[in-house]
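Chain by chain, the residues:
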Amino acid sequence: MDTPKTVKILKFNPKNCNGCLECEKACSQVHFKSDEGGSKSAIRILKDENSYKMHVCDQRGLCIDMCPVGALTRRKNGVVWLDKETCIGCQACVGFCPIGAMRKSDARIEPFKCISCGACVRACPNDALELVEVNIDDIREVVYHKQGAE
Ligand code: SF4
Ligand code: SF4
């Protein structure tokens, strides 16, 4: 398989967000067939003083190499994917994720994460979310910089 060069990631425009959480409800429908949002949503919108901030997987894929059973892979479209059938629920990826975006819900043993499906983008009534295509090499460099490595 050709190695993917780009991936779509979520971009947030806090100026447009009013905290309605329709995005979280749409996401929990995708992952749990529930409109609860919150701990069942891979995207979280958090109050940040007078504004909002988005917390979600950025598809960097640093977790891929640390899954002991190979349940985490990068798909053809570049998205980091957790295969529920292969996962043994060890939670190593949840503890490892540098930005805490591999989620765990009480509803099931396997973690879950953003798959860049765009359900939240479509659900947002205020155009606060979009999917943008980025170069995978570029997002890898950003995390190394943040971690202080050369
Ligand atoms: S919880 Fe599943 S996907 Fe995560 S590291 Fe363990 S086996 Fe891999
Ligand atoms: S649906 Fe849009 S406006 Fe509502 S909380 Fe999510 S990002 Fe903000």
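Placed above this text is the structure.
In this text, all values refer to a predicted model and were calculated from it rather than measured experimentally.

Attention now goes to the overall build of the chain. Across its full length, the chain carries 4 helices and 6 strands. Scanning the chain from its N terminus toward the C terminus, one meets helices and strands in the order β-α-β-β-β-β-α-α-β-α. Taking 15 Å as the expected radius of gyration for a compact globule of 150 residues, we find that the chain reaches 15 Å, a close match to that expectation. Each of the three principal axes of the chain carries a C-alpha extent, and together these read 40 × 35 × 30 Å. The burial tally for the chain puts 40% of its 150 residues in the buried class.

So, on to the site of ligand 2. For ligand 2, the set of nearby residues contains 14 residues, the closest of which are C17, C20, L21, C23 and C124. For the shell around ligand 2, the residue count by class is 10 nonpolar, 3 polar and 1 charged.

Turning to the site of ligand 1, a few remarks are in order. Surrounding ligand 1, one finds 14 residues, the nearest of these being C67, C87, C90, Q91 and C93. Residues that form the shell around ligand 1 fall into these classes: 12 nonpolar, 2 polar and no charged.

A separate point is the side chain of S116. Structurally, S116 can be placed in the loop between helix 2 (92–96) and helix 3 (119–123). For S116, a relative accessible area of 13% translates into the label buried. Separated by 2.6 Å, the side chain of S116 and the backbone oxygen of K8 make a polar contact. Of note is the side chain of S116, whose polar atom sits 3.4 Å from the side chain of Q59. Ignoring anything within four residues of it in the chain, the contact list for S116 reads K8, I9, Q59, V79 and L131.

Conventions and cut-offs
- Residues numbered from 1 in each chain as written.
- Chains lettered and ligands numbered in written order.
- Predicted model: local features only at pLDDT ≥ 70, side-chain atom pairs only at ≥ 80, totals over all residues.
- Heavy atoms only, no water.
- Helix = DSSP H or I, 4+ residues; strand = E, 2+ residues; numbered from the N terminus.
- Rg over C-alpha atoms; globule rule 2.2 N^0.38 Å.
- Buried < 20%, exposed > 50% of the residue type's maximum accessible area, 1.4 Å probe, protein only.
- Near = heavy atom within 4 Å.
- Nonpolar A, V, L, I, M, F, W, Y, C, P; charged D, E, K, R; others polar.
- Polar contact = N/O pair within 3.5 Å; in protein donor to acceptor, adjacent residues only side chain to side chain.
- Contact = heavy atoms within 4.5 Å.

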